[in-house]
Amino acid sequence: MQNIAVIGFGFMGITHTINILKNPQLNLVAIVARNPDGIYKKLAEQVGNFSTGAITHGQLNKVKLYASLDECISNEKIDACIIAVHTHLHFEFTVKALQAGIHVFLEKPASLNIDECTQMIALAKQKKLVLMVGHVVRFMPPYQKLKQWIENETYGELKFLSLTRVSGLPLWGNWVEMQKDFGSSGGALFDLVIHDIDYAAWVLGQPETIIATCLPGKLSNQDYVKAVWKYKSGVQVSIDGGNTFHSSFPFHAAFTARFKNATVSYSSKSPDNIIVSTDAETTLVAAGDANEGFNNELVYFISCIIHQKKPELCTPQSALTTIQICYQHIND
(Lines give C-alpha, C1' and ligand atoms only; values in the text may rest on other atoms or scores of the structure.)
Protein backbone atom coordinates (compact mmCIF):
# COMPACT_ATOMS: atom_id res chain seq x y z
CA MET A 1 0.00 0.00 0.00
CA GLN A 2 1.26 3.45 -0.94
CA ASN A 3 1.22 6.22 1.66
CA ILE A 4 -0.01 9.36 -0.03
CA ALA A 5 -0.48 13.01 0.95
CA VAL A 6 -2.66 15.67 -0.65
CA ILE A 7 -1.10 19.13 -0.81
CA GLY A 8 -3.81 21.76 -1.26
CA PHE A 9 -7.48 21.22 -0.48
CA GLY A 10 -9.41 23.19 -3.06
CA PHE A 11 -11.48 21.70 -5.88
CA MET A 12 -8.72 19.46 -7.24
CA GLY A 13 -7.36 18.52 -3.81
CA ILE A 14 -10.82 17.41 -2.72
CA THR A 15 -11.40 15.57 -6.02
CA HIS A 16 -8.16 13.62 -5.65
CA THR A 17 -8.92 12.92 -1.98
CA ILE A 18 -12.26 11.35 -2.97
CA ASN A 19 -10.49 8.98 -5.36
CA ILE A 20 -7.67 8.18 -2.94
CA LEU A 21 -10.15 7.20 -0.22
CA LYS A 22 -11.87 4.65 -2.48
CA ASN A 23 -8.62 3.11 -3.75
CA PRO A 24 -7.51 0.02 -1.73
CA GLN A 25 -3.91 0.48 -2.91
CA LEU A 26 -3.65 3.87 -1.21
CA ASN A 27 -3.43 5.09 2.36
CA LEU A 28 -4.20 8.80 2.77
CA VAL A 29 -1.85 9.79 5.60
CA ALA A 30 -1.95 13.59 5.43
CA ILE A 31 -3.55 16.70 3.99
CA VAL A 32 -1.65 19.98 3.78
CA ALA A 33 -3.81 23.09 3.67
CA ARG A 34 -3.17 26.74 4.39
CA ASN A 35 -5.91 26.59 7.02
CA PRO A 36 -6.14 22.98 8.25
CA ASP A 37 -8.95 23.77 10.67
CA GLY A 38 -11.08 24.94 7.77
CA ILE A 39 -11.02 21.81 5.64
CA TYR A 40 -14.22 20.39 7.13
CA LYS A 41 -16.04 23.60 6.28
CA LYS A 42 -14.82 23.29 2.70
CA LEU A 43 -16.57 19.95 2.35
CA ALA A 44 -19.91 21.78 2.43
CA GLU A 45 -18.90 24.71 0.21
CA GLN A 46 -18.70 25.20 -3.55
CA VAL A 47 -15.03 24.68 -4.42
CA GLY A 48 -15.26 24.09 -8.16
CA ASN A 49 -17.38 24.63 -11.23
CA PHE A 50 -18.89 21.13 -11.13
CA SER A 51 -19.19 18.27 -8.64
CA THR A 52 -16.90 15.25 -8.60
CA GLY A 53 -18.29 13.61 -5.46
CA ALA A 54 -18.39 14.09 -1.71
CA ILE A 55 -16.38 13.34 1.43
CA THR A 56 -17.79 12.80 4.93
CA HIS A 57 -16.12 14.09 8.08
CA GLY A 58 -15.66 10.53 9.30
CA GLN A 59 -13.53 9.59 6.29
CA LEU A 60 -10.88 12.09 7.38
CA ASN A 61 -10.81 11.22 11.09
CA LYS A 62 -7.47 9.38 10.88
CA VAL A 63 -5.84 11.73 8.40
CA LYS A 64 -3.20 14.09 9.81
CA LEU A 65 -3.63 17.76 8.95
CA TYR A 66 -0.70 20.13 8.41
CA ALA A 67 -0.32 23.81 7.60
CA SER A 68 3.00 23.38 5.76
CA LEU A 69 4.59 20.85 3.43
CA ASP A 70 7.84 20.95 5.42
CA GLU A 71 6.04 19.88 8.59
CA CYS A 72 4.24 17.11 6.75
CA ILE A 73 7.43 15.72 5.22
CA SER A 74 9.20 15.83 8.59
CA ASN A 75 6.47 13.91 10.42
CA GLU A 76 5.08 11.43 7.89
CA LYS A 77 6.40 8.56 5.80
CA ILE A 78 5.13 9.47 2.34
CA ASP A 79 5.58 7.50 -0.85
CA ALA A 80 3.70 9.88 -3.15
CA CYS A 81 1.88 13.17 -3.05
CA ILE A 82 -0.72 15.09 -5.01
CA ILE A 83 0.22 18.75 -5.43
CA ALA A 84 -2.94 20.76 -6.07
CA VAL A 85 -2.04 24.28 -4.96
CA HIS A 86 -2.08 27.47 -7.01
CA THR A 87 0.29 27.53 -9.95
CA HIS A 88 2.83 29.95 -8.48
CA LEU A 89 3.61 27.37 -5.76
CA HIS A 90 4.00 24.35 -8.07
CA PHE A 91 7.75 24.62 -8.53
CA GLU A 92 8.61 25.16 -4.86
CA PHE A 93 6.42 22.34 -3.60
CA THR A 94 7.40 19.88 -6.33
CA VAL A 95 11.10 20.43 -5.73
CA LYS A 96 10.66 19.92 -1.96
CA ALA A 97 8.76 16.68 -2.50
CA LEU A 98 11.18 15.27 -5.07
CA GLN A 99 14.19 16.16 -2.93
CA ALA A 100 12.54 14.26 -0.07
CA GLY A 101 12.25 11.16 -2.30
CA ILE A 102 8.50 11.48 -2.88
CA HIS A 103 6.79 10.68 -6.18
CA VAL A 104 4.76 13.67 -7.43
CA PHE A 105 1.45 14.03 -9.20
CA LEU A 106 1.33 17.73 -10.08
CA GLU A 107 -1.83 19.46 -11.17
CA LYS A 108 -1.69 21.37 -14.44
CA PRO A 109 -0.22 23.68 -15.50
CA ALA A 110 3.18 22.37 -14.44
CA SER A 111 4.50 25.93 -14.20
CA LEU A 112 4.18 29.16 -16.15
CA ASN A 113 7.98 29.30 -16.20
CA ILE A 114 9.62 27.11 -18.86
CA ASP A 115 12.89 26.91 -16.93
CA GLU A 116 11.07 25.71 -13.81
CA CYS A 117 9.39 22.96 -15.84
CA THR A 118 12.77 21.86 -17.17
CA GLN A 119 14.28 21.82 -13.68
CA MET A 120 11.45 19.70 -12.26
CA ILE A 121 11.79 17.17 -15.06
CA ALA A 122 15.55 16.96 -14.55
CA LEU A 123 15.23 16.56 -10.78
CA ALA A 124 12.66 13.75 -11.09
CA LYS A 125 14.97 11.97 -13.54
CA GLN A 126 17.96 12.43 -11.23
CA LYS A 127 16.03 11.09 -8.23
CA LYS A 128 14.48 8.27 -10.30
CA LEU A 129 11.02 9.33 -9.19
CA VAL A 130 7.71 9.51 -11.03
CA LEU A 131 6.62 13.03 -11.95
CA MET A 132 3.27 13.24 -13.71
CA VAL A 133 1.23 16.33 -14.59
CA GLY A 134 -2.56 16.06 -14.37
CA HIS A 135 -3.79 16.60 -17.91
CA VAL A 136 -7.01 14.82 -17.07
CA VAL A 137 -8.76 15.10 -20.44
CA ARG A 138 -6.36 12.45 -21.76
CA PHE A 139 -8.00 10.06 -19.29
CA MET A 140 -11.66 10.95 -19.90
CA PRO A 141 -13.60 8.19 -21.72
CA PRO A 142 -15.37 10.35 -24.35
CA TYR A 143 -12.10 12.03 -25.35
CA GLN A 144 -10.30 8.68 -25.37
CA LYS A 145 -12.96 7.33 -27.74
CA LEU A 146 -12.44 10.31 -30.04
CA LYS A 147 -8.68 9.72 -30.04
CA GLN A 148 -9.21 6.08 -31.03
CA TRP A 149 -11.58 7.07 -33.85
CA ILE A 150 -9.06 9.59 -35.17
CA GLU A 151 -6.14 7.16 -35.05
CA ASN A 152 -8.09 4.19 -36.43
CA GLU A 153 -9.93 6.31 -39.03
CA THR A 154 -13.13 4.65 -37.85
CA TYR A 155 -15.18 7.24 -39.74
CA GLY A 156 -12.55 8.01 -42.33
CA GLU A 157 -9.91 10.71 -42.23
CA LEU A 158 -10.31 13.60 -39.80
CA LYS A 159 -10.97 16.89 -41.59
CA PHE A 160 -11.83 19.32 -38.78
CA LEU A 161 -11.93 19.28 -34.98
CA SER A 162 -13.61 21.84 -32.72
CA LEU A 163 -12.88 21.93 -28.97
CA THR A 164 -14.75 24.21 -26.55
CA ARG A 165 -14.40 24.80 -22.79
CA VAL A 166 -16.09 27.66 -20.92
CA SER A 167 -17.05 28.56 -17.36
CA GLY A 168 -18.00 31.49 -15.21
CA LEU A 169 -15.39 33.53 -13.36
CA PRO A 170 -14.30 31.40 -10.35
CA LEU A 171 -14.99 33.06 -6.99
CA TRP A 172 -14.37 30.12 -4.66
CA GLY A 173 -11.20 29.30 -2.74
CA ASN A 174 -8.34 31.71 -3.42
CA TRP A 175 -9.58 32.85 -6.82
CA VAL A 176 -10.71 36.26 -5.55
CA GLU A 177 -7.18 36.84 -4.27
CA MET A 178 -5.85 35.87 -7.69
CA GLN A 179 -7.75 38.80 -9.18
CA LYS A 180 -5.60 41.11 -7.06
CA ASP A 181 -2.45 39.36 -8.32
CA PHE A 182 -3.44 39.85 -11.95
CA GLY A 183 -1.85 37.37 -14.34
CA SER A 184 -0.23 35.16 -11.68
CA SER A 185 -2.50 32.18 -12.42
CA GLY A 186 -1.93 32.38 -16.16
CA GLY A 187 -5.64 33.04 -16.57
CA ALA A 188 -8.06 30.84 -18.49
CA LEU A 189 -5.45 30.07 -21.16
CA PHE A 190 -3.24 28.15 -18.72
CA ASP A 191 -5.92 27.00 -16.28
CA LEU A 192 -8.90 26.06 -18.47
CA VAL A 193 -8.28 26.15 -22.22
CA ILE A 194 -4.97 24.34 -21.63
CA HIS A 195 -7.01 21.12 -21.41
CA ASP A 196 -8.03 21.32 -25.06
CA ILE A 197 -4.64 22.63 -26.17
CA ASP A 198 -2.99 19.65 -24.49
CA TYR A 199 -5.53 17.20 -25.92
CA ALA A 200 -5.16 18.44 -29.49
CA ALA A 201 -1.35 18.31 -29.28
CA TRP A 202 -1.50 14.83 -27.72
CA VAL A 203 -3.73 13.45 -30.47
CA LEU A 204 -2.53 15.36 -33.53
CA GLY A 205 0.91 16.70 -32.61
CA GLN A 206 2.06 20.29 -32.84
CA PRO A 207 0.42 22.34 -35.61
CA GLU A 208 2.26 24.06 -38.42
CA THR A 209 0.61 27.40 -37.61
CA ILE A 210 -1.52 28.87 -34.82
CA ILE A 211 -3.75 31.89 -35.36
CA ALA A 212 -5.06 33.08 -32.00
CA THR A 213 -6.84 35.95 -30.29
CA CYS A 214 -6.93 36.41 -26.52
CA LEU A 215 -9.31 38.64 -24.57
CA PRO A 216 -8.65 40.01 -21.07
CA GLY A 217 -10.75 39.23 -18.01
CA LYS A 218 -10.40 39.69 -14.27
CA LEU A 219 -7.59 37.16 -13.87
CA SER A 220 -5.30 37.86 -16.84
CA ASN A 221 -5.01 39.25 -20.34
CA GLN A 222 -5.85 35.81 -21.75
CA ASP A 223 -9.10 34.86 -20.04
CA TYR A 224 -10.78 34.05 -23.34
CA VAL A 225 -8.99 32.32 -26.20
CA LYS A 226 -10.09 31.71 -29.77
CA ALA A 227 -7.61 29.87 -31.98
CA VAL A 228 -7.29 27.97 -35.23
CA TRP A 229 -4.54 25.40 -35.66
CA LYS A 230 -3.48 24.37 -39.15
CA TYR A 231 -1.63 21.19 -40.07
CA LYS A 232 0.29 20.30 -43.22
CA SER A 233 -2.16 17.44 -43.76
CA GLY A 234 -4.96 19.97 -44.21
CA VAL A 235 -6.59 19.21 -40.86
CA GLN A 236 -7.71 22.28 -38.94
CA VAL A 237 -8.52 22.54 -35.23
CA SER A 238 -10.64 25.24 -33.64
CA ILE A 239 -10.08 25.85 -29.93
CA ASP A 240 -12.09 28.37 -27.98
CA GLY A 241 -12.99 28.95 -24.37
CA GLY A 242 -12.47 30.96 -21.24
CA ASN A 243 -13.93 32.17 -17.97
CA THR A 244 -14.89 35.76 -18.75
CA PHE A 245 -18.55 35.00 -18.05
CA HIS A 246 -20.58 35.80 -14.93
CA SER A 247 -19.75 33.51 -12.03
CA SER A 248 -23.01 31.54 -12.06
CA PHE A 249 -22.55 30.69 -15.75
CA PRO A 250 -22.36 26.87 -15.89
CA PHE A 251 -19.25 24.98 -16.95
CA HIS A 252 -19.44 23.48 -20.42
CA ALA A 253 -17.00 21.37 -22.43
CA ALA A 254 -17.63 19.96 -25.89
CA PHE A 255 -16.06 18.62 -29.06
CA THR A 256 -17.19 18.23 -32.66
CA ALA A 257 -15.12 16.24 -35.14
CA ARG A 258 -15.84 16.22 -38.85
CA PHE A 259 -14.53 13.03 -40.43
CA LYS A 260 -14.81 12.05 -44.08
CA ASN A 261 -17.77 9.76 -43.43
CA ALA A 262 -19.40 11.17 -40.28
CA THR A 263 -19.55 14.02 -37.80
CA VAL A 264 -19.25 13.13 -34.12
CA SER A 265 -20.11 15.46 -31.27
CA TYR A 266 -20.10 15.44 -27.48
CA SER A 267 -21.23 17.92 -24.85
CA SER A 268 -21.01 17.96 -21.07
CA LYS A 269 -24.57 19.35 -21.14
CA SER A 270 -25.74 15.95 -22.38
CA PRO A 271 -22.85 13.72 -21.31
CA ASP A 272 -24.23 10.20 -21.66
CA ASN A 273 -23.73 9.82 -25.39
CA ILE A 274 -21.57 10.86 -28.31
CA ILE A 275 -23.71 11.72 -31.33
CA VAL A 276 -22.60 10.22 -34.64
CA SER A 277 -24.19 11.80 -37.72
CA THR A 278 -23.92 10.70 -41.33
CA ASP A 279 -25.87 11.92 -44.36
CA ALA A 280 -28.32 9.10 -43.79
CA GLU A 281 -28.78 8.77 -40.02
CA THR A 282 -27.85 9.77 -36.48
CA THR A 283 -26.80 7.21 -33.90
CA LEU A 284 -25.69 7.38 -30.27
CA VAL A 285 -22.54 5.89 -28.80
CA ALA A 286 -22.21 5.60 -25.01
CA ALA A 287 -19.70 8.24 -23.94
CA GLY A 288 -18.72 6.90 -20.53
CA ASP A 289 -18.37 9.14 -17.49
CA ALA A 290 -15.95 12.01 -18.16
CA ASN A 291 -15.47 12.52 -14.42
CA GLU A 292 -13.92 9.05 -14.26
CA GLY A 293 -10.88 10.70 -15.84
CA PHE A 294 -9.84 11.98 -12.42
CA ASN A 295 -9.77 8.47 -10.99
CA ASN A 296 -8.23 7.01 -14.14
CA GLU A 297 -5.26 9.38 -14.02
CA LEU A 298 -4.67 8.62 -10.32
CA VAL A 299 -4.78 4.86 -10.95
CA TYR A 300 -2.32 5.29 -13.81
CA PHE A 301 0.04 7.41 -11.67
CA ILE A 302 0.06 4.80 -8.91
CA SER A 303 0.61 1.96 -11.40
CA CYS A 304 3.70 3.79 -12.69
CA ILE A 305 5.07 3.94 -9.14
CA ILE A 306 4.30 0.30 -8.36
CA HIS A 307 5.76 -0.98 -11.63
CA GLN A 308 8.64 1.52 -11.60
CA LYS A 309 7.90 2.85 -15.06
CA LYS A 310 7.74 6.30 -16.60
CA PRO A 311 4.25 7.78 -17.20
CA GLU A 312 4.31 7.34 -20.97
CA LEU A 313 0.63 8.20 -21.36
CA CYS A 314 1.28 11.63 -19.82
CA THR A 315 4.98 12.43 -19.70
CA PRO A 316 6.30 15.53 -17.92
CA GLN A 317 8.03 16.49 -21.16
CA SER A 318 4.67 16.56 -22.96
CA ALA A 319 3.33 18.82 -20.18
CA LEU A 320 6.23 21.19 -20.86
CA THR A 321 5.43 21.11 -24.58
CA THR A 322 1.83 22.04 -23.77
CA ILE A 323 3.02 25.10 -21.82
CA GLN A 324 5.17 26.14 -24.77
CA ILE A 325 2.21 25.79 -27.14
CA CYS A 326 0.03 27.84 -24.77
CA TYR A 327 2.47 30.72 -25.06
CA GLN A 328 2.05 30.63 -28.83
CA HIS A 329 -1.55 31.77 -28.31
CA ILE A 330 -0.70 35.02 -26.55
CA ASN A 331 -1.06 38.17 -28.60
CA ASP A 332 2.14 40.02 -29.45
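Just so we're clear, the structure is a prediction, and the values are computed from it rather than from any experiment.

Rules used in this analysis
Residues numbered from 1 in each chain as written. Predicted model: local features only at pLDDT ≥ 70, side-chain atom pairs only at ≥ 80, totals over all residues. Heavy atoms only, no water. Helix = DSSP H or I, 4+ residues; strand = E, 2+ residues; numbered from the N terminus. Rg over C-alpha atoms; globule rule 2.2 N^0.38 Å. Contact = heavy atoms within 4.5 Å. Lys, Arg positive; Asp, Glu negative; His and termini not counted. Charge placed at Lys NZ, Arg CZ, Asp CG, Glu CD. Pairing = 2+ DSSP bridges. Axes fitted to C-alpha atoms, helices over the stretch in contact; angles between N-to-C directions. Phe/Tyr/Trp six-rings, centres within 6.5 Å; stacked < 30°, edge-to-face > 60°. Buried < 20%, exposed > 50% of the residue type's maximum accessible area, 1.4 Å probe, protein only. Lys NZ or Arg CZ within 6 Å of the ring centre and 35° of its normal. Right-handed = clockwise from strand over helix to strand, strands pointing away. Parallel < 35°, antiparallel > 145°, perpendicular 65-115°, else oblique. Left-handed = near helix turned anticlockwise from the far one by under 90°. Core = buried A, V, L, I, M, F, W, Y, C linked by side-chain atoms within 4.5 Å. Salt bridge = Lys/Arg side-chain N within 4 Å of Asp/Glu carboxyl O.

Draft legend 1. Fine view of the overall build of the protein. Across its full length, the protein carries 11 helices and 14 strands. For a compact globule of 332 residues, the expected C-alpha radius of gyration is about 20 Å, and the protein comes in at 20 Å, within 12% of that figure. Along the longest, intermediate and shortest principal axes, the C-alpha atoms of the protein span 65 × 40 × 40 Å. Long-range pairs, those at least 24 residues apart, make up 71% of the contacts in the protein between residues at least 6 apart in sequence. For the protein, the distance from the average site of its 27 positive side-chain charges to the average site of its 29 negative ones is 2 Å.

Draft legend 2. Quick look at the sheet that holds strand S7 (residues 158–168). Spatially, 8 strands are ordered S8-S9-S10-S7-S11-S12-S13-S14 in an open sheet, and the strand pairing comes out mixed. Strands with a single pairing partner mark the edges of an open sheet, and in this sheet they are strand S8 (209–215) and strand S14 (282–286). Geometrically, the sheet is characterised by an average inter-axis angle of 10° between neighbouring strands, direction not taken into account. Inspection of the sheet shows strand S11 (residues 252–259) paired to strand S12 (residues 263–267) by 5 bridges, in the antiparallel sense. Note that in S12 the partner of alanine 254 across the bridge is serine 267. Strand contacts of helix H9 (residues 194–204): S7, strand S9 (224–230) and strand S10 (236–245), with the helix running at about 160° to S7, the strand carrying the most contacts.

Draft legend 3. Region of interest: the packing of aromatic side chains. For the structure shown, the criterion picks out 12 aromatic pairs. Judged by centre distance (5.7 Å) and plane angle (50°), the rings of phenylalanine 139 and tyrosine 300 are tilted. Linking phenylalanine 139 in the loop between strand S6 (131–134) and helix H6 (141–152) with tyrosine 300 in helix H10 (residues 292–306), this pair joins segments that are 161 residues apart in sequence. Of the residues examined, phenylalanine 139 reaches a relative accessible area of 3% and is grouped as buried. Taken together through their ring pairs, the aromatic side chains of Tyr143, Tyr199, Trp202, Phe255 and Tyr266 make up a single cluster. We note lysine 147 situated over the ring of tryptophan 202; from NZ or CZ to the ring centre the distance is 4.7 Å.

Draft legend 4. The pairing of strand S2 (residues 26–32), seen in detail. Counting buried positions along S2 yields 6 of 7 residues, so the element is predominantly enclosed. With 6 bridges joining them, strand S1 (residues 2–7) and S2 adopt parallel strand pairing. Among the inter-strand pairings, isoleucine 4 is bridged to a residue of S2, identified as leucine 28. With respect to chirality, the unit in which S1 leads through helix H1 (residues 11–21) into the neighbouring parallel S2 is right-handed. Relative to strand S3 (residues 64–66), S2 runs parallel, the two sharing 3 bridges. In the strand pairing of S3, isoleucine 31 is matched with leucine 65.

Draft legend 5. Main features of the packing of H1 against H10. Two numbers describe how H1 lies on H10: the axes approach to 10 Å, and their chain directions differ by 65°. Here H10 runs roughly perpendicular to H1, going by the angle between their axes. Relative to H10, H1 is oriented so that their crossing is right-handed. Taken together, the residues of H10 that come into contact with H1 (itself represented by Met12, Thr15, His16, Asn19 and Ile20) are Phe294, Asn295, Glu297 and Leu298.

Draft legend 6. Spotlight on the nonpolar core. Judged by nonpolar contacts, the single largest core of 81 residues is most densely connected at Trp229 and Val264. Considering every element that reaches this core, the biggest residue donor is H9, with 6 residues.

Draft legend 7. Representation of the environment of valine 237. Its place among the elements puts valine 237 in strand S10. Exposure remark for valine 237: the relative accessible area of 0% places this residue in the buried category. Setting aside residues no more than four positions away along its own chain, valine 237 makes contact with Leu161, Leu163, Ala200, Leu204, Ala227, Val228, Trp229 and Tyr231.

Draft legend 8. Region of the structure containing the pattern of salt bridges. Applying the stated rule across the entire model yields 9 salt bridges. Its salt-bridge partner being lysine 159, residue glutamate 157 comes within 3.6 Å of it at the nearest N-O pair. Look at lysine 159 and you get partly exposed, because its relative accessible area is 39%. Note that arginine 165 and aspartate 196 form a salt bridge whose closest N and O atoms lie 3.0 Å from each other. Placement of arginine 165 in strand S7 and of aspartate 196 in helix H9 is noted, with a sequence separation of 31 residues between them. For arginine 165, a relative accessible area of 4% corresponds to the buried category. Residues joined by salt bridges that share partners form a network here, namely Asp70, Glu92 and Lys96.

Draft legend 9. How the structure looks around unusual backbone geometry. In this model, lysine 108 is joined to proline 109 through a cis peptide bond whose omega is -10°. Counting through the fold element by element, proline 109 comes out in the loop between strand S5 (103–107) and helix H5 (114–127). Phi angles above zero are rare outside glycine, and lysine 128 is one such case at about 55°. Within the secondary structure, lysine 128 is located in the loop between H5 and S6.

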